[in-house]
Amino acid sequence: MARGDAANGGRGTGIERGEILLVVLFCLLWSSAFAPAKLAVAHAPPLLLLACRFVAAGLLCLGLARWRGEGGWPARRDLAALALLGLFNNAIYLGLSWSGMASVSSGFAAVLISTNPLLTALVAGPVLGERMTGRKLAGLLLGLAGVALVLRSRLGTGAEDAGGALLVLGGLLSLVAGTILYKRLAPRHVGPWTGNGLQALAAGLVLVPASLLIEDWSTAEATTTVLLAQAWMVLGVSVGGYMLWFRLLARHSATAASSLHFLMPPLGLGFGWLLAGESVPALDLLGIVPIACGIALVTRPARPGSA
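Structural notes, computed from the coordinates. Here the residue index of a chain counts from 1 through its sequence in written order. Only residues with pLDDT of at least 70 get local features here, since the model is predicted, and only at 80 or more are side-chain atom pairs given and counted; chain-wide, interface and lining totals rely on the full set of residues. Here the side-chain values reflect all heavy atoms present in the structure, with hydrogen atoms and water set aside.

Thoughts on the overall build of the protein
Counting its regular elements, the protein contains 14 helices and zero strands. Comment: elements are numbered from the N terminus, with helices defined as DSSP H or I runs of at least four residues and strands as E runs of at least two. Shown N-terminal to C-terminal, the secondary structure of the protein runs as helices and strands in the order α-α-α-α-α-α-α-α-α-α-α-α-α-α. Note on classification: 1.4 Å probe, protein chains only; a residue is buried when its accessible area is under 20% of the maximum for its type, exposed when over 50%, partly exposed between these limits. Per-residue burial for the protein yields a buried fraction of 50% across its 307 residues. In the protein, once contacts between residues fewer than 6 apart in sequence are set aside, the share between residues at least 24 apart is 92%. Only heavy atoms enter the contact rule, under which two residues are in contact if any of them lie within 4.5 Å.

Below is the structure:
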């Protein structure tokens, strides 16, 4: 959630009662992406699906940016920064994650990816100079313990493919790198819709040749499931989810969105069970408790004067 920290610039992060609904809706949209992705990759190559999604979402966001009058074309340096951010935060992250979901469940992928705030907090200390407090350290240890329980539950019983899990893990590491890079490189004078649109478009343009090289497009099926999943990914997640996120940033509640990120693991498992018919072992339910508590500890704003 580095995007919110950077955008807020230290302004107030208090959350009003009405904002809670916006944050929860954002979490619902974000966590709902995994189950439709799992359904779609069963009928079409993952990189092809992502390329189509990002190109469509990028063009829609740029159209919205023009309609809202966000300003002219970014400078060359800002364009390069946004392209690099799109590579890590969209193309590599989701390219590896969706490829992994061809052989692992969407719920497992959601739990693994949801640990992004934990790893980001771990890396932000030495790279960005952020202080590692006792509260953050306790949160990291709790979260890692929860991930270990879920990994043991899924991989130890053969419920998930180890190769697919490694691909999802690679996607997670790309997302962490993208989050750190965002804190370093995010242009300050580019509108939110323009920035999101250019990142998505850059990711789509990178994934098109990658998909042509390693995937067989003849295996793609334009089924109702694929079309509905793609429509939801473009409109519900890439456009709708970010629309809520930008609204939350404008109302100074980025910290609230980060602190409620602990909703992602149970929601991801729930959507996998509801939409993809995936089972939820008891150890998963046990594992998401320390993960949720750990993320809450890591992302909760520190009180003035506290460690």
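What to know about the nonpolar core
Ranked by internal contacts, the top residues of the largest apolar core, which has 46 residues, are F34, L49, F54, W98, M101, I113 and L207. Look past the residues within four positions of M101 in its chain and what remains in contact with it is F34, A37, K38, V41, S106 and A109. What makes a nonpolar core is a set of buried Ala, Val, Leu, Ile, Met, Phe, Trp, Tyr and Cys residues whose side-chain atoms join them at distances within 4.5 Å. L22, V23, F26 and C27 belong to the second largest nonpolar core, which has six residues in total.

Examining the environment of V41
Assignment of secondary structure puts V41 in the loop between α3 (34-40) and α4 (46-67). The exposure class assigned to V41 is buried, which follows from its relative accessible area of 12%. Considered as a pair, V41 and A229 are 188 residues apart in the sequence and their alpha carbons are 9.8 Å apart. Leave out the neighbours within four places in its chain, and V41 touches P46, L49, W98, M101 and A102.

A few points about the packing of helix α6 (residues 106-113) against helix α9 (residues 162-185)
It is at 9 Å that the axes of α6 and α9 come closest, and there the two elements cross at 35°. Classified by chirality, the crossing of α9 by α6 is right-handed. Counting all contacts with α6, which are made through F108, A109, L112 and I113, the residues of α9 involved are A165, V168, L169, G171, L172 and L175. Under the convention adopted here, Pro, Cys and the residues Ala, Val, Leu, Ile, Met, Phe, Trp and Tyr are nonpolar, Asp, Glu, Lys and Arg are charged, and Gly plus all remaining residues are polar. Of the residues in the contact of α6 with α9, the class split is nine nonpolar, one polar and no charged. Interaxial angle, 0 to 180 degrees, is taken between N-to-C directions of lines fitted to C-alpha atoms, where a helix line uses only the stretch in contact. Two helices that cross are described as forming a left-handed crossing if the nearer one is turned anticlockwise from the farther one by less than a right angle, and a right-handed crossing if clockwise.

Things to note about the side chain of N89
Locating N89 in the fold gives a position in helix α5 (residues 76-100). Discounting residues that sit within four places of it in the chain, N89 has contacts with L175, G178, T179 and Q199.

What to know about α6
α6 sits mainly inside the fold: eight of its eight residues count as buried. Here α6 has its buried residues at S106, G107, F108, A109, A110, V111, L112 and I113.

Things to note about a nonpolar patch on the surface
Taken together, the side chains of L39, W273, L274 and L275 present a nonpolar region at the surface, about 420 Å² in accessible area. If you tally residues by element for the nonpolar patch, the top one is helix α13 (residues 264-276), at three residues. Within the secondary structure layout, L39 lies in helix α3. Residues forming no salt bridge and having over 30% relative accessible area are the ones grouped into patches, like charges within 9 Å of each other and nonpolar side chains (Val, Leu, Ile, Met, Phe, Trp, Tyr) within 5 Å. Per-residue and other accessible areas were derived by the Shrake-Rupley procedure at a 1.4 Å probe size, with only the shown protein chains allowed to occlude residues. Definition used for salt bridges: Asp or Glu carboxyl oxygen within 4 Å of a side-chain nitrogen of Lys or Arg.

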